[in-house]
Every structure is written in structure tokens, then in C-alpha cells.
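What the coordinates show
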Amino acid sequence: MTEAILLVGGKGTRLRPLTVHTPKPMVRAAGVPFLTHQLARARAAGVDHIVLATSYLAEVFEPHFGDGSSLGLHLEYVTEEDPLGTGGAIRNVASRLHSAPDDPVLVFNGDILTGLDIEALVETHRTTGADVSLHLTKVTDPRAYGLVPTDDTGRVLAFLEKPQTPEEMVTDQINAGAYVFRRSLIDTIPQGRPVSVERETFPDLLSAGAHLQGMVDSTYWLDLGTPAAFVRGSADLVLGRAPSPAIPGRCGDRLILPTARVAPDAKLTGGTVVCEGAYVAEGARVSGTTILPGAVIEPGAVITDSLIGTHARIGERSVLTGTVIGDNAIIGPDNELTDGARVWCDAKIPAGALRFSSDQ
């Protein structure tokens, strides 16, 4: 296998304000754009040609990655004029593929952090003679996902979108967002209109008698669609819980990138990342948090499981837990923001203006 399609066109609305200026796959996780981890893992599995299906803020990708040679890859970029959905995006880039009709083409989503054994998925595809093979993973609560029951040989029996009743929950296996297509099948996807592989392509193929194979791989898997999940994913990469050959440093309790400054008595734990040009002042305590380039954490601030945007500033003694601070936002001293708070880009919160507990 030498080719892959990477779907990176989504708007990332659930991640705003992180995605106001940055497409979701380019938001930094463990110090580099999340997409870097996916590209590096694909390269490690033997992929050398990847077509990126872009749409939202498409102009950001190529200036950063170029032709992919720095990663040992050949990258191409195809931009959708109008959003085409997962299936439409795959069909839209088909002309850039070089594979023969029966060759496998890897397809994966730009917002899934996974330890999937890519080579094992491709080998499953080859040995079973499948038309499409799907990475499946098991989850405790499948209601937010599409269920994929299989028979004893792993052959897919049905696609059940987001079941709600106990009777509908016939399996704990879900579609994990990575596929191997027989090249010729990509050309059967309708062209020029939105198509969902999950709701249209796969069910239609199944109805037509195609062989869809599932491979359960329950190593690390996380959908990075929400701020809390993204922050957790970055921390897990730094801590070594999620595998990636692209982490710019050693795994451990913290990752401090070049030109970042951290006061000697500041405490960084839980997979915290301090990106280039950021500053963490004396007495600050930061856990499980990503601090993006140029951000400033002032003395005595306490930040947990949060993401601090580029050139944002967190004032002295402010306490942030489970929050997202947009680019260039300023949080004045002595504020308290708790789980789920999102402060938009360029916003300014005055000193002591927002609290969830007494100021005593």
C-alpha cells in the first residue's frame, strides 16, 4: 500500500474558538499540528503518497507541509468549493490517485487520534478479499456513534446510526473512522454532490452485496471533536499513552518547546505542553494543559485541563479548569473560570470580573 486520502475539510465548529483562525487538523496537539501525528503514523506504516481533501481554511495546509518531503511523503491538496461530506470528499480526490483498480487505498479522518495498526488493517483487507475494510473499536456507551455489527468472520452485517434504545444496541462495535477501499469502488461514489460514507455509501454497498470487512482494534482511540477531548488527546500524546512518531521531544509529564520560557518554581504536570515563545511565570501551576505559541501565564495562575490560545494572557492568581481561551484573549488577574468555559478570540475579561466561588 502506498496511497491514502486524508479528510481534513471539516469546520470544527464544536472546537470553537480554537478553530476560528485554524482548521481543526492544524490545531496543535503535543506541540505540533495534530495532522502531523497522522501523517507520521501513515508514513511509518508504509504510505508514501497522501491526498489531503481540504475545504475550511484550505489555504493553511500547503504553506505548512509543502510537498511533504520533510516527512518522507508526497502530499497533494484538493480543495472542495462546497462541502461534500465524507464520501463526496473521497470521490472528489479520486483523480489524484495512482493505484490500480484492485489496489487498496487507505482513507482516514483528520480528527481521530488512534493507535490503530494500519498495516494490520491493510493485511485484513488483502487476506479477506474485501471491497472495503473498516477499523472498528469497542466503546462503553455507543449512543453517540454508528454501530457496526459483524459476523464471526468479521464481515459487516449492518450499519446502525446512533442507536438510542436498548433493543437497537446490538453491539458495542463502532465505526472508528479509518477505512481501506478497493480503488475501483471509489469511482462508484456519486460525484459533485454531498455524500456520507457512513449513511449512504457503506449501506448502499452492503445492500448491493459488496464485501465489507470489519477489523476490531481496541488500542488507543479518541475522537478529538470537543475541546475537552482535544486537550486530553494532547496530554495523552505527551504522557506516552497515545503513540506518535512526531512528538517533538521525550514523552513525560511535560513538554517544553524551544524558545518557551518557564520560571524555575513553576510546576508543570499531567502532559502539559508549552509551545514556542510562550512564558509561564513564577509560582504558576499548570496540569494537563496546552499553552500555544506566545501565550503568557502570569505569576500564581492555576490552570488545569485547558487550552490557552496563541498570544493569550492569563492574569495573576487566575484559576482555570477545563476551559478554552481563544487567540489573543486577555484574562485579568483573580478570575475563576470552570469546566466548559470558552473565551473568544481577542476578548478581554477585567481583573476579578468572573468567579464561581467566593473571593475570600
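Below or above, wherever it landed, is the structure these notes cover. (Residues numbered from 1 in each chain as written. Predicted model: local features only at pLDDT ≥ 70, side-chain atom pairs only at ≥ 80, totals over all residues. Heavy atoms only, no water.)

As for the nonpolar core
Core analysis: the largest hydrophobic core is formed by 29 residues, its most contacted members being Ile 5, Ile 90, Val 132, Leu 134, Phe 181, Phe 202 and Leu 212. Where this core is concerned, the elements lending two or more residues are β1 (3-7), β4 (49-54), α3 (85-92), β6 (104-109), β8 (132-138), β11 (173-182), α5 (183-186) and α6 (197-207). Beyond its immediate sequence surroundings of up to four residues, Ile 90 is in contact with Ile 5, Leu 7, Val 107, Phe 181, Ile 186, Ile 189 and Val 197. One finds Leu 52, Phe 61, Phe 65 and Leu 116 within the second-largest nonpolar core, a separate group that totals 25 residues. (Core = buried A, V, L, I, M, F, W, Y, C linked by side-chain atoms within 4.5 Å. Buried < 20%, exposed > 50% of the residue type's maximum accessible area, 1.4 Å probe, protein only. Helix = DSSP H or I, 4+ residues; strand = E, 2+ residues; numbered from the N terminus. Contact = heavy atoms within 4.5 Å.)

Regarding the layout of surface pockets
Of the volumes computed, that of the largest pocket is approximately 1300 Å³. Together, 43 residues line the largest pocket, and Arg 14, Asn 109, Asp 111, Glu 198 and Asp 223 are the ones closest to its centre. Going through the elements one at a time, α3, β11, α6, β13 (221-223) and α7 (227-239) are the ones with two or more residues in the lining of the largest pocket. Top element by residues in the lining of the largest pocket is β11. It accounts for four residues. A class-by-class count of the residues in the lining of the largest pocket yields 17 nonpolar, 15 polar and eleven charged. (1 Å grid on protein atoms, 1.4 Å probe; cavity = no way out; pocket = protein on both sides within 12 Å on 5 of 7 lines; lining within 4 Å. Points joined across faces, edges and corners; volume = space filled by probe spheres on them. Nonpolar A, V, L, I, M, F, W, Y, C, P; charged D, E, K, R; others polar.)

Overview of the pairing of β8
Burial analysis of β8 places six of its seven residues in the buried class, which makes it a mostly covered element. Where β8 meets β11, six bridges bridge the pair, whose relative direction is antiparallel. Pairing of Thr 137 across the sheet is with Ile 174, part of β11. Sheet topology places β8 next to strand β12 (residues 212-216); five bridges connect them, and they run parallel. Considered in β12, the bridge of Val 132 is made with Leu 212. (Pairing = 2+ DSSP bridges.)

Considerations on helix α4 (residues 118-128)
Turning to α4, its buried residues number three or more, namely Ile 118, Leu 121, Val 122, Thr 124 and His 125. In an axial view of α4, the angular spread of the buried residues amounts to 155 degrees, which keeps them on one side of the axis. Buried residues along α4 sit against α1 (34-44), β6, β8, β11 and β12. Measuring from the backbone nitrogen of Glu 119 back to the side-chain oxygen at the start of α4 gives 3.3 Å, which picks out Asp 117 as the cap. Gly 129 occupies a position one or two residues after α4 and carries a positive phi of about 65 degrees. (Arc of directions from axis to C-beta. Polar contact = N/O pair within 3.5 Å; in protein donor to acceptor, adjacent residues only side chain to side chain.)

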